[in-house]
Amino acid sequence: MKNTLKDQIKNGERVLGGFVGMYSPNLVEMIGYAGFNFIVIDDEHAAFSYTELENLIRTAENVGLVPLVRVSYDPSSIQKALDRGAKGIQVPMVNTKEDAENVIAQAKFPPFGNRGVAFSHRAARYGMDNGEAFIDSSNEEILVIPHIETVEATENFEEIMSVAGIDIAFIGSTDLSVNMGFKKEGAKHPDVQKRIARLYETAQKNNYTIGTVAGDLTSVNDAFDKGAKYVGVVTNTVIFEGLKNLVGQSES
């Protein structure tokens, strides 16, 4: 189960993905044909059944996208996503080293974690992959990406990233701004930007890989310029803004 996205991250390449918040295999196909590197199926905020997650993962693979899942708060969410065939997980609200260790425990097989073992599911090709080879490959190839999106998480940033098995720190700027008390001003507030800038500085100093979210081309380029290597575009926002712009231009 080679994970080409993980190889790109290890090589220091910039990768671009799309957050998918609706059940639309057609949208996933379009993202793949457009040349994106990965998708993040948003099971935190969207309404997906596990069958729908599996179908979106399957569609992503068919068009050359690496499928990841932003998991929900259900204790079984990580296991379910990985058994469906996700090549990685983004985990919201990881605030402490203990939180990060718990994520690794759920995402990795023994001896690194406590993920339940089965070989009859899709990720193991229904038994074609099994035993030591599947377990070792999964432990090596699965991407684990905690969200840094609260004041507490920013203060514990280095401890969180010290946990073995963590691959990317994903800065959730919207949640961080609300957590800091700037629900009106949002992530553009200077205090939020200062805190985010410190995260980038710490990441550069310690050779951490930073990921973040973007809503348009300007914010994508800005994130890459700051040092992010992994950027996820909110496709709902891109589509909606494109529709609004079309209406506005047709009325002018």
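The paragraphs below set out a description of the structure included in this document.

Conventions and cut-offs
- Residues numbered from 1 in each chain as written.
- Predicted model: local features only at pLDDT ≥ 70, side-chain atom pairs only at ≥ 80, totals over all residues.
- Heavy atoms only, no water.
- Core = buried A, V, L, I, M, F, W, Y, C linked by side-chain atoms within 4.5 Å.
- Buried < 20%, exposed > 50% of the residue type's maximum accessible area, 1.4 Å probe, protein only.
- Helix = DSSP H or I, 4+ residues; strand = E, 2+ residues; numbered from the N terminus.
- Contact = heavy atoms within 4.5 Å.
- Phe/Tyr/Trp six-rings, centres within 6.5 Å; stacked < 30°, edge-to-face > 60°.
- Expected span 1.5 Å × (residues − 1).
- Arc of directions from axis to C-beta.
- Salt bridge = Lys/Arg side-chain N within 4 Å of Asp/Glu carboxyl O.

## Let's talk about the nonpolar core
Thought 1: Counting residues in hydrophobic clusters, the biggest one holds 55 residues, and the most contacted among them are Ile 39, Ile 41, Val 69, Ile 78, Ile 89, Phe 157 and Ile 210.
Thought 2: Counting residues per element, this core draws most heavily on helix 10 (residues 190–206), at 5 residues.
Thought 3: Setting aside residues up to four positions removed in sequence, Ile 39 forms contacts with Gly 18, Val 20, Val 28, Ile 31, Leu 56, Ala 60, Leu 65, Val 66, Pro 67 and Leu 68.
Thought 4: Val 15, Phe 38, Ile 145 and Ile 168 belong to the second largest nonpolar core, which has 13 residues in total.

## Examining the packing of aromatic side chains
Thought 1: Scanning the entire structure with this criterion turns up 6 aromatic pairs.
Thought 2: Ring centres of Phe 170 and Tyr 230 lie 6.2 Å apart, and the angle between their planes is 85°; on these two criteria the pair is classed as edge-to-face. Highlighted residues: Phe 170 in strand 6 (residues 169–171) and Tyr 230 in strand 8 (residues 230–234), separated in sequence by 60 residues.
Thought 3: Exposure remark for Phe 170: the relative accessible area of 2% places this residue in the buried category.
Thought 4: You can call Tyr 230 buried: its relative accessible area is 0%.

## Notes on the environment of Ala 214
Thought 1: By secondary structure assignment, the location of Ala 214 is in strand 7 (residues 210–214).
Thought 2: A relative accessible area of 4% means that Ala 214 is categorised as buried.
Thought 3: Sequence spacing of Ala 214 and Val 234 is 20 residues, and the spatial spacing of their C-alpha atoms is 6.4 Å.
Thought 4: In contact with Ala 214, not counting residues within four places along its chain, are Ser 219, Val 220, Val 231, Gly 232, Val 233 and Val 234.

## Brief notes about helix 10
Thought 1: Taking 1.5 Å of rise per residue, the 17 residues of helix 10 would be expected to cover 24 Å, and the 24 Å separating its terminal C-alpha atoms lies within 8% of that figure.
Thought 2: Turning to helix 10, its buried residues number three or more, namely Val 192, Arg 195, Ile 196, Leu 199, Tyr 200, Thr 202 and Ala 203. One side of helix 10 carries all its buried residues, which in axial view fall inside an arc of 165°. Facing away from the buried surface of helix 10 by more than 90 degrees, the exposed residues are Pro 190, Lys 194, Glu 201, Gln 204 and Lys 205.
Thought 3: Phi turns positive one or two residues past the end of helix 10, at Asn 207, with a value near 65°.

## Focus: the pattern of salt bridges
Thought 1: Summed over the entire model, instances satisfying the criterion amount to 14 salt bridges.
Thought 2: Residue Lys 10 is joined to Glu 140 by a salt bridge in which the shortest nitrogen-to-oxygen separation is 3.0 Å. Remark: Glu 140 occurs in helix 6 (residues 131–141) and Lys 10 occurs in helix 1 (residues 4–10); sequence separation between them is 130 residues.
Thought 3: Given the relative accessible area of 54%, Lys 10 is considered exposed.
Thought 4: Between Glu 54 and Arg 84 there is a salt bridge, with the nearest N and O atoms lying 2.8 Å from each other. With Glu 54 in helix 3 (residues 50–62) and Arg 84 in helix 4 (residues 77–84), this residue pair connects regions lying 30 residues apart in the sequence. The residues Glu 54 and Arg 84 share a single accessibility class, namely buried.

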